[in-house]
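# Observations on chain architecture
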Amino acid sequence: MRLDQALATLLPELSRNRLQAWVREGRVLLDGAPVDVPRLKLRGGEWLVVDGAPAAAEMTHAAEDIALDIVYEDPHLLVINKPAGLVVHPGSGNWQGTLLNALLHHCEALAQVPRAGIVHRLDKDTSGLLVVAKTLAAQTHLVRQLQARSVRRIYVALAHGVVPSSGRVDASIGRHPTQRTRMSAAVAGGREAVTHYAPLRVFDDCTLIECRLETGRTHQIRVHMAHIGHPLVGDPVYGKRRSPNPRLQSFARQALHARQLGLLHPQSGESMQWEAGMPSDLGGLIAALEENAADAL
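Here is a short report on the structure shown in this document. (Residues numbered from 1 in each chain as written. Predicted model: local features only at pLDDT ≥ 70, side-chain atom pairs only at ≥ 80, totals over all residues. Heavy atoms only, no water.)

Looking now at the overall build of the protein chain. When its secondary structure is counted, the protein chain shows seven helices and 14 strands. Each principal axis of the C-alpha atoms in the protein chain carries an extent, and together these give about 80 × 45 × 40 Å. Counting across all 297 residues of the protein chain, residues that qualify as buried make up 46%. Intrachain contacts of the protein chain at a sequence separation of at least 6 include 62% that bridge at least 24 residues. Measuring between centres, the 32 positive side-chain charges of the protein chain sit 8 Å from its 29 negative side-chain charges. (Helix = DSSP H or I, 4+ residues; strand = E, 2+ residues; numbered from the N terminus. Buried < 20%, exposed > 50% of the residue type's maximum accessible area, 1.4 Å probe, protein only. Contact = heavy atoms within 4.5 Å. Lys, Arg positive; Asp, Glu negative; His and termini not counted. Charge placed at Lys NZ, Arg CZ, Asp CG, Glu CD.)

In structure tokens form, the structure reads like this:
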């Protein structure tokens, strides 16, 4: 049996990719000696030692006392209602004040889980539900659910223009060929991306829509809606379309909220679902649009 296959059999709570990475990093000993070839053939009876401690790069983030809106928590997972403006993971220009820093303060044990248990992300200015794994086994289970597309993620958004009917966008997403901070649809080498959308309420020059993700690519809803001619209201990157409505023009972020999240509990297998109410800024904008529509009748 191959080394990575044997490790996956012995440690089923960990993903094959993670175990392969640990082998390549020299974190697996075979009969006392480090080995870095995941495909190495074993004959049986060998002694394996696996160093599962977090890598140094994963230990550098500081815990910060940042308030969290916790929707659900148990020993295995944590569901957060993320506010707009909060960066999920430290990166260029945002090394502090992130959700990861907040999670490390909220639960010290998350320092032992890669990326503090974060398994999927929301853009900085997208609000709504996000799940965090509190153990390695839960993280692996949730990642596998995401890969199997069994996690239910439903968003609400305001899109420019009139979206008359439901539809499906099936357009691969990849890095923009010249503007590297942007993503682009239908580019060579892009990854498969599928978004389902449906209008909830049509206004004069925008539509409240519901979007369901089949895949989870960077900026997926924003890119796909722009791709079909309905960029999101307030989107500073993909929202080129403008509206004469000053309320839409002045909205300070992309009008996108992760409203519903559903998954199987990584320990019990129970089907679970959560819903986050509309944030005040987006809810206020929709209420104003509703009021204007009523006045026009």
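So, on to the nonpolar core. By size, the foremost hydrophobic cluster in this structure holds 37 residues, and its most contacted members are Leu103, Leu110, Tyr155 and Ile221. Counting only elements with at least two residues in this core, the list comes to strand 5 (77-82), helix 3 (99-106), strand 6 (127-133), strand 7 (152-160), strand 10 (183-185), strand 12 (206-213), helix 5 (220-227) and strand 13 (256-264). A total of four residues in this core trace back to one element, the largest contributor, which is helix 3. Among residues more than four places away in sequence, those in contact with leucine 110 are Leu103, Leu104, Ala116, Gly117, Val132, Ala133 and Lys134. Ala138, Leu263, Met272 and Trp274 belong to the second-largest nonpolar core, a separate cluster that totals 14 residues. (Core = buried A, V, L, I, M, F, W, Y, C linked by side-chain atoms within 4.5 Å.)

Here we come to the pairing of strand 14 (residues 271-275). Because side chains alternate across strand 14, one face comprises the buried residues Met272 and Trp274, and the other comprises Ser271, Gln273 and Glu275, none of which is buried. With five bridges connecting them, strand 13 and strand 14 associate as antiparallel partners. Residue glutamine 260 lies in a different strand from strand 14, and its bridge partner there is glutamate 275. Linkage of strand 13 to strand 14, two consecutive antiparallel strands, is achieved through a turn of six residues, within which glycine 269 is found at a positive phi near 80°. (Pairing = 2+ DSSP bridges.)

Pairs of aromatic rings are described using the distance from one ring centre to the other and the angle between the two planes. According to the stated counting rule, one finds one aromatic pair in the structure shown. With centroids separated by 5.5 Å and ring planes inclined at 45°, the aromatic side chains of tyrosine 72 and tryptophan 274 adopt a geometry described as tilted. Here tyrosine 72, found in strand 4 (residues 70-73), pairs with tryptophan 274, found in strand 14; they are 202 residues apart in sequence, far enough to count as distant. (Phe/Tyr/Trp six-rings, centres within 6.5 Å; stacked < 30°, edge-to-face > 60°.)

Attention now moves to the side chain of arginine 182. Tracing the backbone shows arginine 182 in the loop between strand 9 (173-175) and strand 10. In this structure arginine 182 is buried but unpaired, with aspartate 235 as the nearest side chain of opposite charge at 8.0 Å. Other than its neighbours up to four places away in sequence, arginine 182 contacts Arg175, His176, Val237, Tyr238 and Lys240. (Salt bridge = Lys/Arg side-chain N within 4 Å of Asp/Glu carboxyl O.)

Its identity is not glycine, yet alanine 116 carries a phi of approximately 55°, on the positive side. If you trace the backbone, alanine 116 turns up in the loop between helix 3 and strand 6. Of note, histidine 219 is a non-glycine position whose phi angle comes to about 60°, a positive value. Note that histidine 219 resides in the loop between strand 12 and helix 5. Look at histidine 219 and you get buried, because its relative accessible area is 16%.

Here we come to the pattern of salt bridges. Per the stated rule, a full pass over the model turns up 11 salt bridges. The shortest N-O distance in the salt bridge between arginine 149 and glutamate 214 comes to 3.4 Å. Taken together, the residues span a long stretch of sequence, with arginine 149 in the loop between helix 4 (136-147) and strand 7 and glutamate 214 in the loop between strand 12 and helix 5 at a distance of 65 residues. Glutamate 214 gets classed as partly exposed once you look at its relative accessible area, which sits at 22%. Put simply, arginine 222 and aspartate 235 hold a salt bridge, and the shortest N to O gap is 2.8 Å. With a gap of 13 residues between them, arginine 222 in helix 5 and aspartate 235 in the loop between helix 5 and helix 6 (246-250) connect regions that are remote in the sequence. The two residues arginine 222 and aspartate 235 agree in class, both being buried. Through salt bridges with shared partners, a single network forms among Asp123, Arg222 and Asp235.

Let us look at the sheet that holds strand 1 (residues 28-30). Strand order in the open sheet made by the three strands is 2-1-3, with antiparallel pairing throughout. The strands lining the two open edges of the sheet, one partner per strand, are strand 2 (33-34) and strand 3 (48-50). Bridge count between strand 1 and strand 2: two bridges; the pairing is antiparallel. The residue bridging leucine 29 from the neighbouring strand is proline 34, located in strand 2.

Turning our attention to the packing of helix 1 (residues 3-10) against helix 2 (residues 16-24). Following both chains from N to C, one finds helix 1 and helix 2 inclined at 125°, their axes separated by 9 Å at the closest point. Judged on the interaxial angle alone, helix 2 and helix 1 are oblique. Seen along the crossing, helix 1 lies across helix 2 with a hand that is right-handed. Each of Leu3, Asp4, Gln5, Leu7 and Ala8 in helix 1 lies in contact with helix 2, whose residues at this interface are Arg16, Leu19, Gln20 and Val23. Broken down by class, the residue content of the contact of helix 1 with helix 2 amounts to five nonpolar, two polar and two charged. (Axes fitted to C-alpha atoms, helices over the stretch in contact; angles between N-to-C directions. Parallel < 35°, antiparallel > 145°, perpendicular 65-115°, else oblique. Left-handed = near helix turned anticlockwise from the far one by under 90°. Nonpolar A, V, L, I, M, F, W, Y, C, P; charged D, E, K, R; others polar.)

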